[in-house]
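Summary of structural features
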Amino acid sequence: MSRIYLSPPHLGVAEEAMVIEAFRSNWLAPLGPHVDAFEQELSTYVGTPHAVALSSGTAALHLALESLGVGEGDSVWVSTLTFAASVFPIHYVRATPVFVDADAESWNMNPALVCEALDEAGRRNALPRAIVLVHLYGQCADIAPIAKACQRHGVLLIEDAAEALGATYEGRMAGSFGDAGFFSFNGNKIITTSGGGMLVTPHAHVASQARLLASQAREAVQHYEHRHIGYNYRLSNVLAGIGRGQLQQLEARVTSRRAVFERYRACLGDLPGVSFMPEATFGRGGMRSTRWLTTLTIDAARFGATRTEICEALMASDIEARPVWKPMHQQPIFAGCRKIGGDVSDLLFATGLCLPSGSSLTTEQQDRVIAVVRSCARESNAAA
Ligand SMILES: *Cc1c(COP(=O)(O)O)cnc(C)c1O
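Residues numbered from 1 in each chain as written. Predicted model: local features only at pLDDT ≥ 70, side-chain atom pairs only at ≥ 80, totals over all residues. Heavy atoms only, no water.

So, the nonpolar core
Note the following rule: Take the buried residues of types Ala, Val, Leu, Ile, Met, Phe, Trp, Tyr and Cys, join any two whose side-chain atoms come within 4.5 Å, and each joined set is a nonpolar core. Under the scheme applied here, a residue whose accessible area is under 20% of the maximum for its type counts as buried, over 50% as exposed, and between as partly exposed, the area being computed with a 1.4 Å probe on protein chains only. Each helix corresponds to a stretch of at least 4 residues labelled H or I by DSSP, and each strand to a stretch of at least 2 residues labelled E; elements are numbered beginning at the N terminus. What counts as a domain boundary in this text is fixed by an automatic or database domain assignment. Residues count as neighbours in contact if any of their non-hydrogen atoms are within 4.5 Å of one another.
Counting 60 residues, the largest nonpolar core has L42, W77, I131, Y137, L165, F183 and M198 as the members making the most contacts within it. With five residues, helix α5 (residues 111-123) is the single largest residue contributor to this core. Both domain 1 (13-249) and domain 2 (251-382) contribute no fewer than three residues apiece to this core. What Y137 contacts, discounting residues up to four positions off in sequence, is W107, E163, M277, S289, R291, W292, L293, T295, V324, W325 and C354. V52, V132, I158 and V206 belong to the second largest nonpolar core, which has 35 residues in total.

Focus on the packing of aromatic side chains
Test applied: Working definition: a ring pair exists when centres of Phe, Tyr or Trp rings (six-membered ring for Trp) sit within 6.5 Å. Plane angles under 30 degrees give stacked, over 60 give edge-to-face, the rest tilted.
Enumeration over the complete set of coordinates arrives at eleven aromatic pairs. Centre to centre, the rings of F88 and F334 are 6.0 Å apart; their planes meet at 50 degrees, and the pair counts as tilted. Of this pair, F88 sits in helix α4 (residues 88-92) while F334 sits in the loop between β12 (322-323) and β13 (339-340); the two residues are 246 residues apart in sequence, bridging distant segments of the chain. In this structure F88 comes out as partly exposed when scored by relative accessible area, which is 36%. Look at F334 and you get buried, because its relative accessible area is 2%. Arranged with centres 5.9 Å apart and planes meeting at 50 degrees, the rings of Y169 and F282 form a pair that is tilted. Pair noted here: Y169 is in strand β6 (residues 168-169) and F282 is in the loop between β10 (274-276) and β11 (294-298), with a separation of 113 residues, a long-range link.

Section: the domain arrangement of the protein
Formally: Buried area: the sum, over both parts, of the accessible surface (1.4 Å probe) that disappears when the two are put together. The salt bridge definition used is simple: a Lys or Arg side-chain nitrogen within 4 Å of an Asp or Glu carboxyl oxygen.
Structurally, the protein comprises domain 1 (13-249) and domain 2 (251-382). Across the contact, 44 residues belong to domain 1 and 42 residues belong to domain 2. Taking both partners together, domain 1 and domain 2 bury about 4000 Å²; carbon and sulfur atoms supply 62% of that area. Linking domain 1 with domain 2 are zero salt bridges, by the criterion used here.

Examining the site of the ligand
Our working definition: Working definition: residue near molecule or strand if any one of its non-hydrogen atoms lies within 4 Å of it. Each polar contact in these results corresponds to two N or O atoms within 3.5 Å; when the atoms are within protein, one needs to be able to donate a hydrogen and the other to accept it, and residues that are neighboring in sequence are counted only if both atoms are side-chain atoms. Here the accessible surface of atoms and residues is derived via Shrake-Rupley with a 1.4 Å probe, and residues count as covered only by protein chains that are part of the display. Any residue with an atom within 4 Å of a point lines the site, the site being either a cavity, points on a 1 Å grid over the protein atoms alone where a 1.4 Å probe fits but cannot get out, or a pocket, an open set with protein on both sides within 12 Å along at least 5 of 7 lines. Any molecule with more than half of its atoms within 2 Å of a cavity's or pocket's grid points is regarded as sitting in that cavity or pocket.
Surveying the vicinity of the ligand reveals 15 residues, the closest of which are G57, T58, E163, S184 and K189. Here G57 contributes a backbone N or O atom positioned 2.8 Å from an oxygen atom of the ligand. T58 places a polar side-chain atom, nitrogen or oxygen, 2.5 Å from an oxygen atom of the ligand. Here the ligand, which alone exposes 380 Å², has 93% of that area covered by the protein. More than half of the atoms of the ligand fall within 2 Å of the grid points belonging to the largest pocket.

Examining the sheet that holds β11
Keep this limit in mind: Two strands qualify as a pair provided that DSSP identifies no fewer than 2 bridges between them. Between N-to-C directions, angles cover 0 to 180 degrees, with each direction set by a line fitted to C-alpha atoms, over the stretch in contact for helices.
With antiparallel pairing, the four strands of this open sheet are ordered in space as β10-β11-β14-β12. Every interior strand has two partners, whereas the edge strands, β10 and β12, have only one. By the bridge criterion, two bridges tie β12 to strand β14 (residues 352-355) in an arrangement that is antiparallel. From the neighbouring strand, R322 faces β14, where its bridge partner is C354. Where helix α11 (residues 307-316) meets the sheet, it contacts β11, β12 and β14, and its direction lies at approximately 25 degrees from that of β14.

Take a look at the structure:
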């Protein structure tokens, strides 16, 4: 039996043709026609005027912050329940992160909490410069109230949509609401270029500044002229070719991931103590989670085993499963950073589990996962 991965790449034939085309035209890197087309196609799909293809999602957040003028002395509020790459770039620009707790309804930044904290910070003249709002596991945060509060207080809004390409809110795409948004095409994401990212923004000056900084800050003159410290962050033409092929499959991938989720729910939802990540009902009906990963929490007392025990049983069967992200305020490197709110994210981390959710997961593979999880439940122990 082969190993089952959490979220492996799922390649098709279209990207193979695009890569061959890049080879035949001898146009590998840097930049080239696939990069321009990938930016165009993604900005059309997401509905943002500007898109900049970059070497990673992390690079995209770095350039979003820098191009929006976030820097030393600024504080940046960010969801605490996330991957560390939502936070590292805040340090790259020498700003200070402040972590905001999640809510149980969406597992994303709690809108009531952050709006109240913004009002309070406004009264103290201690507003953050920006908020990095993460859309976790393929589901949008409750964007509208947070965007409104940001506008009221003059705070920049950046959407970390690395895990949420294809997710919608009020019928609009994740990433299209803020001053900037970004996606990741890392190997585990819903579509992949092996490694890559995209910055999207409604602001022409943010896009042009990010483009400049990403290509070693080379000014548009014949000789090499530099007025800024630059980075080597652009995406190669070959990888953009893979991205174009993958993008054609995105809607189908969303359908597959949602079907994987529905099947887990049908086959595990009856077990005591199992609760799946809810699909939030805000966003006026225009909500779609991509279910990038199927995630659930385990109430160990009712289920009969802890999240960690289930994880270990899966690993023993050569199945990759993971705990929900460890909140950033619990990370040793961020000890001493301020945190806003309670312990919802702590509880989600303590009890949350991510199951294999790839769009290429077969029914047989999924049955293996389901059987192991069921075998951990008290019910089945009693029956055995
Ligand atoms: C993957 C991810 C990133 C970083 O993207 P890379 O392309 O891997 O640099 C940022 N934020 C979140 C929430 C992610 O899951």
